[in-house]
Amino acid sequence: MKAIILAAGRGSRMGGATADQPKCLTPLHGRTLLDWQVEALRDAGIESIALVRGYMGEKLPRDARVAAGRAGLPAQVVADMCTVQNSPPRRVAMAW
């Protein structure tokens with residue numbers, strides 16, 4: 001089974017926590033939100049993940065692969081293919 005992590009949003013409701021990083025790299029109890037998500041997906045039986053990036057997306061490829069690697073999952077990082085904020089990335093899902 002595959003999963004898509006939607007990490008393209010700005011995280012504006014998180015205040016200053018996302019001023020210099022994407023919201024999925026925000027730390028929570030010593031780990032990033034991305035680490036928590038990837039681990040939960042692995043525990044749910046997911047075998048491969050794709051991460052749709054947008055805001056500060058250039059910071060994600062290495063972190064996403066490291067988080068997925070720790071969980072023993074292959075990861076693919078793709079650019080945000082949406083043109084309207086908060087719209088579903090259907091083209092990404094269909095291509096993957």
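Everything below is about the structure shown above.
Residues numbered from 1 in each chain as written. Predicted model: local features only at pLDDT ≥ 70, side-chain atom pairs only at ≥ 80, totals over all residues. Heavy atoms only, no water.

Moving on: unusual backbone geometry. Even without being glycine, histidine 29 reaches a positive phi, approximately 50°. Mapped onto the secondary structure, histidine 29 falls in the loop between strand S2 (27–28) and strand S3 (31–32). A relative accessible area of 73% places histidine 29 in the exposed class. (Helix = DSSP H or I, 4+ residues; strand = E, 2+ residues; numbered from the N terminus. Buried < 20%, exposed > 50% of the residue type's maximum accessible area, 1.4 Å probe, protein only.)

This part takes up the pairing of strand S4 (residues 48–53). Among the six residues of S4, five are classified as buried, and the element is accordingly described as predominantly covered. Note that strand S1 (residues 2–7) and S4 share six bridges and pair parallel. Following the sheet pairing, isoleucine 5 is matched in S4 by leucine 51. (Pairing = 2+ DSSP bridges.)

Here we take up the pattern of salt bridges. Scanning all chains against the criterion turns up two salt bridges. Its salt-bridge partner being glutamate 39, residue arginine 31 comes within 2.6 Å of it at the nearest N-O pair. For glutamate 39, a relative accessible area of 28% corresponds to the partly exposed category. (Salt bridge = Lys/Arg side-chain N within 4 Å of Asp/Glu carboxyl O.)

So, about the nonpolar core. In this structure, Ile5, Leu34, Val38, Ile49 and Leu51 are the most contacted members of the largest nonpolar core, which totals 17 residues. Those elements that place two or more of their residues in this core are S1, helix H1 (33–43), S4 and helix H2 (60–71). By residue number, the principal contributor to this core is H2, which donates five residues. (Core = buried A, V, L, I, M, F, W, Y, C linked by side-chain atoms within 4.5 Å.)

On to H1. Side chains that are three or four residues apart share a direction in an α-helix, a result of its 3.6 residues per turn. Those residues of H1 that fall on the buried side of the exposure criterion are Leu34, Asp35 and Val38. Buried residues along H1 cover an arc of 100° about the axis, so they all sit on one side. Positive backbone phi, approximately 100°, marks glycine 45, located one or two places after H1. (Arc of directions from axis to C-beta.)

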